[in-house]
Amino acid sequence: MGWTSPGRGGRLRDVTGEVRIAPVDEHNLEPLLSVAAAEAEPGEVMPPVEAPAGWSHARREAFREFHRASFGGLAGPTRTQMYAILAGGEVVGMVRMTRRDDPGTVETGMWLGRSARGQGVGGAALRELLNEAAAAGMRTVVAETTSDNTGALQVLEKCGATLRHDAGKVYAEICLDSTPPAL
């Protein structure tokens, strides 16, 4: 799971207000699922699941279990900390960091509901995640996306990522030892 591609359809609502992130827990898991089901495709927000197409009951349960598996954080079995992205106090997406084998390195991925895309929410959320990664002692944040995911590429570049293109994939690296550029 990496960065979501621009979604189909128009905006469902305007997203405004302060952007912050909060660890995914039982309190914000259902609002996160509601945004995912209303404003994203299952393949954008979770690994593939053997289930009927769309947001079936089985897929919703798999979404819940996928996110609950990360409740242990970076030290837990999945080595992943997931955060709900909140804009103006409302859950609008998710950003995560997963510990890599390289010491001091985490990988990130993000998805936003359609209504939050293109409004600067992704950049603000990534900057919050970079602060969390630095506070956790990480030195490097990496990401992977596709060359046609212009929104993700813009966010990564604005947050100081070095991008490497290879056969339609883009690999990003953000060094936390330097000051990220202002958005």
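Look up a bit, the structure's there.
None of the values given here were measured: they were computed from a predicted structure. (Residues numbered from 1 in each chain as written. Predicted model: local features only at pLDDT ≥ 70, side-chain atom pairs only at ≥ 80, totals over all residues. Heavy atoms only, no water.)

K.L.:
Describe the side chain of Ser-70, with residues and values.
P.N.:
Here Ser-70 is to be found in the loop between helix H3 (57-68) and strand S2 (80-87). When neighbours within four sequence positions are excluded, Ser-70 is seen to be in contact with Thr-78, Thr-80 and Met-82. (Helix = DSSP H or I, 4+ residues; strand = E, 2+ residues; numbered from the N terminus. Contact = heavy atoms within 4.5 Å.)

K.L.:
Go over H3, please, and point to the residues and values.
P.N.:
Since the α-helix turns once every 3.6 residues, residues separated by three or four places project in the same direction. With 12 residues, H3 ought to run about 16 Å at 1.5 Å a step, and its terminal C-alpha atoms sit 17 Å apart, in line with that. Every buried residue of H3 is listed here: Arg-59, Phe-63, Arg-64 and His-67. The buried residues of H3 occupy one face: seen down the axis, they fall within an arc of 145 degrees. The inward-facing, buried residues of H3 abut helix H1 (26-39), helix H2 (42-45), S2, strand S3 (90-99) and strand S4 (105-112). (Expected span 1.5 Å × (residues − 1). Buried < 20%, exposed > 50% of the residue type's maximum accessible area, 1.4 Å probe, protein only. Arc of directions from axis to C-beta.)

K.L.:
Please give an account of the nonpolar core that cites residues and values.
P.N.:
In terms of nonpolar packing, the biggest core is built from 29 residues, with Ile-85, Val-121, Leu-126 and Ile-174 touching the most fellow members. Broken down by secondary-structure element, the contributors of at least two residues to this core are strand S1 (19-23), S2, S3, S4, helix H4 (121-135), strand S5 (140-146), helix H5 (150-158) and strand S7 (169-175). Core analysis: the second largest hydrophobic core is formed by 18 residues, Leu-33, Val-35, Ala-36 and Val-45 among them. (Core = buried A, V, L, I, M, F, W, Y, C linked by side-chain atoms within 4.5 Å.)

K.L.:
Give a description of the sheet that holds S4 that names residues and reports values.
P.N.:
Taken in spatial order, the 7 strands of this open sheet run S1-S2-S3-S4-S5-S7-S6, and their pairing is mixed. With one partner strand each, in any of the chains shown, S1 and strand S6 (162-166) form the two edges of the open sheet. When the angles between neighbouring strand axes are averaged without regard to direction, this sheet yields 25 degrees. Note: S6 against S7, 5 bridges, orientation antiparallel. Residue pairing for S7: Asp-166 is matched across the bridge by Lys-169. H5 rests against S5, S6 and S7 of the sheet, and its axis sits at about 160 degrees to S5. (Pairing = 2+ DSSP bridges. Axes fitted to C-alpha atoms, helices over the stretch in contact; angles between N-to-C directions.)

K.L.:
I'd like a description of the side chain of His-67, backed by residues and values.
P.N.:
Here His-67 shows up in helix H3. Setting aside chain neighbours within four positions, we find His-67 in contact with Val-24, Leu-29, Leu-32, Val-45, Met-82 and Met-94.

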